[in-house]
Amino acid sequence: MSRGIGANAYIAYQDNEIITYAYGGYNLNKVELRNKEQIKDGLIIIKRECFDKWTVGETYRMCVEGLIKVKNCSNCWWITNDDLKIDMMTLYVLYKIFITYETENSIPQKVSYNV
C-alpha cells in the first residue's frame, strides 16, 4: 500500500567542488501538495567530498557540518525538528543518491523516492 508521498530530483548544476540537485516533493493526501506540475524549486547542494566519506547514517551529520545544504522546496510539509528545518524528503532523496553512487559507482543524474 502506498503512502502517497515522495520527492524527485535531478542534477541542475555541477562543478569540481559541488553537485546541485533541484528537487520537488509531493503529498497525494493533501490537494495543495500534490504537485501535479512536478515543480522542482528546492535545492540540495552536496560537496563532492561527501561521496567519498558517506556511510549509512551520516547524511544528517553532513547537513549539520555544512557539507550538504538544503533549500526547501515550496511543497515542503515535513521538516526536521531542529534549527536546520530540513525537508525530510531530502534526507530520503540523499539516501537514494548515495546508495546509487555506492552500488553503481556513479553519481545519479536523477533520483526518485516514492512511498
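Note: the structure precedes this text.
Residues numbered from 1 in each chain as written. Predicted model: local features only at pLDDT ≥ 70, side-chain atom pairs only at ≥ 80, totals over all residues. Heavy atoms only, no water.

Visitor: Hey, could you run me through the pattern of salt bridges in this one?
Guide: Charged atoms that come close allow side chains of opposite charge to pair. For the structure on display, the rule yields three salt bridges. Glu 49 is the partner of Lys 53 in a salt bridge, and the nearest nitrogen-oxygen pair spans 3.0 Å. A salt bridge links Arg 61 to Glu 58, with the nearest nitrogen and oxygen atoms 2.3 Å apart. Three or more residues joined by partner-sharing salt bridges are found here, namely Glu 58, Arg 61 and Glu 65. (Salt bridge = Lys/Arg side-chain N within 4 Å of Asp/Glu carboxyl O.)

Visitor: Mind showing me how you'd approach the packing of aromatic side chains here?
Guide: A ring pair, where both rings are aromatic, is described by two values, the distance of the centres and the angle of the planes. Going through the model one piece at a time under the given rule, you end up with six aromatic pairs. Ring plane angle 65° and centroid distance 5.0 Å describe the contact between Phe 51 and Tyr 101, whose orientation is recorded as edge-to-face. Note that Phe 51 is positioned in helix 1 (residues 50-53) and Tyr 101 in helix 3 (residues 88-104), a separation of 50 residues in sequence. Exposure class is identical for Phe 51 and Tyr 101. Each is buried. Taking the centre distance of 6.3 Å and the plane angle of 35° together, the rings of Trp 78 and Tyr 92 count as tilted. Remark: Tyr 92 occurs in helix 3 and Trp 78 occurs in the loop between strand 4 (68-71) and helix 3; sequence separation between them is 14 residues. Under the relative-accessibility criterion, Trp 78 is labelled partly exposed at 32%. Joined through ring pairs, the aromatic side chains of Phe 51, Trp 54, Tyr 95, Phe 98 and Tyr 101 make up one cluster. (Phe/Tyr/Trp six-rings, centres within 6.5 Å; stacked < 30°, edge-to-face > 60°. Helix = DSSP H or I, 4+ residues; strand = E, 2+ residues; numbered from the N terminus. Buried < 20%, exposed > 50% of the residue type's maximum accessible area, 1.4 Å probe, protein only.)

Visitor: Looking at this model, I keep getting lost on the pairing of strand 3 (residues 42-47). Mind explaining?
Guide: Along a regular strand, successive side chains alternate from one face of the sheet to the other. Of the two faces of strand 3, only one is covered, namely that formed by Gly 42, Ile 44 and Ile 46; the face formed by Leu 43, Ile 45 and Lys 47 stays uncovered. The sheet contact formed by strand 2 (residues 18-27) and strand 3 spans six bridges and is antiparallel. If you follow Tyr 21 over to strand 3, its bridge partner there is Ile 44. Across four bridges, strand 3 lies against strand 4 in antiparallel orientation. Considered in strand 4, the bridge of Leu 43 is made with Lys 71. (Pairing = 2+ DSSP bridges.)

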